[in-house]
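# Chain and residue survey
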Amino acid sequence: MSYTRVDFQTDQEVRWCPGCGDYTILAAVQNFFAGLDIKRENVVFVSGIGCAARFPYYMNTYGMHAIHGRAPAIATGVAVANPALSVWVVGGDGDFLSIGGNHLIHALRRNIDMTLLLFNNQIYGLTKGQYSPTSEPGKTTKSSPGGSIDYPFNPVSLALGAEATFVARTLDMDRNHTTAMLKAAHAHRGSALIEIYQNCNVFNDKAFIQLTGKAERYANRIDLVHGQPVVFGADKEKAVVWDGGRATIADRNSVHPSQIIVHDAHAEDASAAFALSRLAHGPYGPTPLGIFRDVYRPVYDDALQEAVTRSTAARGSGDLGKLVTSLGTWTVE
Amino acid sequence: MDSDHNPVNPLPEAPGVTGTNGGVSVDRTDRMVIRFAGDSGDGMQLAGNRFTDAAAIFGNDLATLPTFPAEIRAPAGTLPGVSSFQLQIADWDILTPGDRPGVLVAMNPAALKVHLRDLREDGILLINEEAFDERNLHKAGFETNPLEDGTLTGFDVHRVPMETLTKEAVKGSGVSGRAVLRSKNFLALGLLLWMFGRDTKVTADWVRKKFGRIEPVMNANLAALKAGYNYGITTESFARQIEVRPATLPPGTYTNVNGNAALSWGLVAASVLSGLPLFYASYPITPASEILHELVRHRNFGVKTFQAEDEIAAAGAALGAAFAGSLAVTGTSGPGLSLKGETISLAMITEMPMIIVDVQRGGPSTGLPTKPEQSDLFLAVWGRHGESPLPVIAASSPSDAFEVAIEAARIAVKYMTPVILLSDGYIATGSEPWRLPDIASLPRLGVPFATGPNAGDKFLPYLRDLQTMSRRWAIPGMPGLEHRIGGLEKEEGTGNVSYDPDNHQLMTDIRAWKVANIANDIPEVEVDDPDGADLLVLSWGSTYSAVKAGVGNARRKGAKVAYARIRYLSPFPPNMPTVLSSYDQVLIPEMNNGQLSRMVKAEFVRPVISFSKVEGVPFKFGEISAKIMEIAGR
Ligand SMILES: Cc1ncc(C[n+]2csc(CCOP(=O)(O)OP(=O)(O)O)c2C)c(N)n1
Ligand code: SF4
Ligand SMILES: [Mg+2]
């Protein structure tokens, strides 16, 4: 049986602000699922709280709209309890990186089989516009009228530091790119984090203009493609090269082709991916998009399931009578 | 004589008979309290547990009370570093580990200092005399040596050169250096086994099983055990043995189990009985960690355990596992229960079955992590944001935890609700003989699975069974039942998000009614009142043993007093109003500042005498009977 996009829509009225980037992401995800060879009843969406986190209500799969920050932990329970399910987690930058930061990093290091969609609008949308852990320093918001003094996370660097096996970045405005990232993340067994730059046109409009604006985007989009030299610009006139231990940008014609970094998303070691993630600390100036890292490491849910299977094979399925007498017994006549 | 004898059985005949055994006099007694005390590194918990096992297999009734220091490695020889294990053995049905020991094993001066004041005036002291050097005496705060300055006058003191004897015994075992002295707990144990006329077989078998893979250690422990036993036979100062005969317990097969193990087994049993795979998520915390340690060993029952990054994640993972169709449990102690609160409210409003185990300890904050308390009752019943009632039930003894775990699962699943199960440090680490139930006759637990669409070709997640008011459980993987649940208020029936005022009132009322209605599906409180008393004593949780024994003791002194134990704390059993109104006075002893007392006062508008104790130690039955006598004016 094959699905269409409508099969993944629900009867719930979508309540995001008109023009919100969340709409384009939803459409991309629904379309993506329609093209998949997967049974709808085996899909579970879990989210926390925030504008982004309303997502499960609009996906006609199993779903839970949970509590702020805890979605990665709850989804861990779903995935571990039934490794056959396709588990998706949706959250905002506040949800995943502030209140839920701890759960996110632990899910990534355990390599729980699930795909995490981080809708990064660099603002707290649902609570009406406070700065978030990804807001740029100096940002003026309701809670930072004099400019934020918080230093932000770089979510890709954070995920790589948390031992993530799959990390990618995409843009709400670029449906094809988003779909390609969804596809790769879905094919990855283990935790896959996609940071999606998402425009909040009400509280943080044009935050990603340097990557989406017609005038700016060619100069700033660094598309990472596995096996390809990292070059960008309208005429691919820029290149990313090693400078000591770090990746840096150079004019392509000022360097020898052998100096240009060839992207290896499957490298065992995350150092090069990390170096690429440091090219930009946010969507300001040239910023890499695409898959930073995609490697295999044993998956927690599989390992636990195997331990259960192995134990059952070795000892036979559990017998309650044996269990309660396992410490030795005596009989009173 | 004060006695914590179970009031349902008659007092045993003729305690205190003296006979002889080849020149050694044998004092027969109906019961004896023994306490092992030493430095944390002296292996007193192990010695106590081994003696307990030997006593259990011998057929004594028994109850134990291990006490640990909060620090893992408090400085050796100091007072905070003392670890102890108390047990009472008896030839009849006893309930408590006893109030004052008759035998005290003191492995160093600090242990003597901490525990001597509890020893009975005619008590027997087994002392590791070589530990009483100047340094250790100083660390324990003794100015003069209590072995010599008359402190111990009146006690039956046995100074044993345990270190020399151990060194001598383990020669040739392959263990050398300081490790040699590690076996001295087995020496003390061997001596004690001799004193009580037990052989060493049960213990030796255990040593072979436990240490078989490290042969030198096995040999050293066996040699020390033997040497201790032989020291009793050959040393003239030991001219006295104590005989405590097997108890006449109800016929059946028994095992000796602590509360954490029994609770874990109960959860496994509930999984088997319901057909739901068990998922247990936890973050380590004393005294709940052992449940995690126990369950991880039973994967062949399909059990999955998950050590989470914190208690919030543990609660969350359990809720996720419940959504995916597991019998989901998360276990913790007080500080962790505080952290789980928000997730429990989510489980409550989404109406997902889940069990939250709280093994209570002394609080607030880190409090007394290794000591029992019952001070999380309010937190369990009321401690959530919003109108968030849920069932709360409590185990009252180690073996009771088995049944209570199954009951928690029954209620959680049948009524699609989180359930809080209260245990405490005393139940968790204490052990008692448990007459095994007939496993084959344990009732199956029904699960309200959704099996297909329930509204035309649609599935509405909040359509309810009108008897239980519980919704149906639709598990991912079932085609056609895809649905969304969440923390936003939902419309009754459809489960769609709803901000409608009337609907919120309705849903709040339904959720409250659903929980209140569980009162009609639980047993009534049973009152034990042979004499038509005016005073009723109520216990909940682990005060059970001391309260029941205290009631028995007061009755023997002539008091008329009724007794009842409450397992269900929310909702209360349906006959509570009738029971409470049948008595002029109600006494509630609790290891908190009167939490159940306040709940009973508030809910039933009855005067209650609260008897509270927050010392991190269980009630002594003598305290309970004294209180009863005081109220009775006798
Ligand atoms: C425990 C708790 N604290 C605070 C909130 C309030 N709150 C809801 S969403 C949110 C932040 C939302 O920001 P983000 O996660 O970035 O999502 P967005 O709305 O931007 O998509 C906050 C602080 C809450 N719901 N729960
Ligand atoms: S507040 Fe921003 S993120 Fe939230 S729905 Fe509106 S536009 Fe979207
Ligand atoms: Mg945001």
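Everything here concerns the structure above.
Quick notes on the rules
Residues numbered from 1 in each chain as written. Chains lettered and ligands numbered in written order. Predicted model: local features only at pLDDT ≥ 70, side-chain atom pairs only at ≥ 80, totals over all residues. Helix = DSSP H or I, 4+ residues; strand = E, 2+ residues; numbered from the N terminus. Rg over C-alpha atoms; globule rule 2.2 N^0.38 Å. Buried ≥ 20, exposed ≤ 12 C-beta atoms within 10 Å, placed from the backbone. Contact = placed C-beta atoms within 7 Å. Pairing = 2+ DSSP bridges. Axes fitted to C-alpha atoms, helices over the stretch in contact; angles between N-to-C directions. Near = placed C-beta within 6 Å. Nonpolar A, V, L, I, M, F, W, Y, C, P; charged D, E, K, R; others polar. Expected span 1.5 Å × (residues − 1). Arc of directions from axis to C-beta.

Across its full length, chain A holds 11 helices and 12 strands. In terms of C-alpha radius of gyration, chain A reaches 22 Å, essentially the compact-globule figure of 20 Å for 333 residues. Counting only C-alpha atoms and orienting by the principal axes, one finds that chain A spans roughly 90 × 50 × 50 Å. Per-residue burial for chain A yields a buried fraction of 49% across its 333 residues. The contacts of chain A with a sequence gap of at least 6 include a subset with a gap of at least 24, amounting to 67%.

Helices and strands together make up the secondary structure of chain B, namely 19 helices and 24 strands. Scaling as 2.2 N^0.38, a compact globule of 634 residues should have a C-alpha radius of gyration of about 26 Å, and chain B matches this with 27 Å. Taken along the three principal axes of its C-alpha coordinates, chain B extends 90 × 60 × 45 Å. Counting the 634 residues in chain B, one finds 55% classified as buried. Intrachain contacts of chain B at a sequence separation of at least 6 include 75% that bridge at least 24 residues.

Residues and elements named next belong to chain B. Taken in spatial order, the five strands line up as β19-β21-β20-β23-β24 in an open sheet, and their pairing is mixed. If you trace the sheet from one side to the other, it starts and ends with β19 (527-528) and β24 (609-612), each paired once. Two strands pair when backbone bridges link them, and strand β20 (residues 535-540) and strand β21 (residues 562-566) are joined in this way by five bridges, in the parallel orientation. Directly across from L538, in β21, lies its bridge partner A564. Sitting on the sheet, helix α18 (residues 595-604) touches β20, β23 (585-590) and β24, and the angle it makes with β23 is about 145°.

For the rest of this paragraph, the subject is the site of ligand 1. Taken together, 17 residues lie near ligand 1, and A:G50, A:G92, A:G94, A:D95 and A:G125 sit nearest. Of the residues forming the shell around ligand 1, the biggest block, three residues, is contributed by helix α3 (residues 93-99) of chain A.

Turning next to the interface of chain A and chain B. Between chain A and chain B, the contact holds 51 residues from the first and 58 residues from the second. Contributions of two or more residues to the side of chain A that touches chain B are made by β1 (43-47), β2 (62-65), α2 (71-81), α4 (101-110), α10 (300-315), α11 (320-324) and β12 (330-332) of chain A. Of all the elements, α2(A) adds the most residues to the side of chain A that touches chain B, at eight residues. In terms of residue class, the side of chain A that touches chain B is made up of 24 nonpolar, 22 polar and five charged.

On to the site of ligand 2. Lining the immediate surroundings of ligand 2 are A:W16, A:C17, A:C20, A:D22, A:C51, A:N121, A:G125, A:C200, A:N201, A:V202 and A:F203. Considered class by class, the residues forming the shell around ligand 2 number seven nonpolar, three polar and one charged.

One turn of the α-helix equals 3.6 residues, which is why residues spaced by three or four share an orientation. All names here are of chain B. When the terminal C-alpha atoms of helix α15 (residues 501-516) are compared, their 23 Å separation across 16 residues agrees well with the 22 Å that a helix rising 1.5 Å per residue should span. For α15, the set of buried residues is R511, K514 and V515. Seen end-on, α15 carries its buried residues on one side only, within an arc spanning 95°. Pointing more than 90 degrees away from the buried face of α15 are the exposed residues P501, D502, Q505, D509 and W513. Where the residues of α15 are buried, they touch α11 (334-350) and α13 (400-415).

Before going further, it helps to spend a moment on the environment of B:S423. Residue and element names in this part refer to chain B. If you trace the backbone, S423 turns up in strand β16 (residues 418-424). Sequence separation between S423 and P391 is 32 residues; the distance between their C-alpha atoms is 14 Å. The residues contacting S423, other than those within four sequence positions of it, are G259, L263, V357, V359, A395, A401 and A428.

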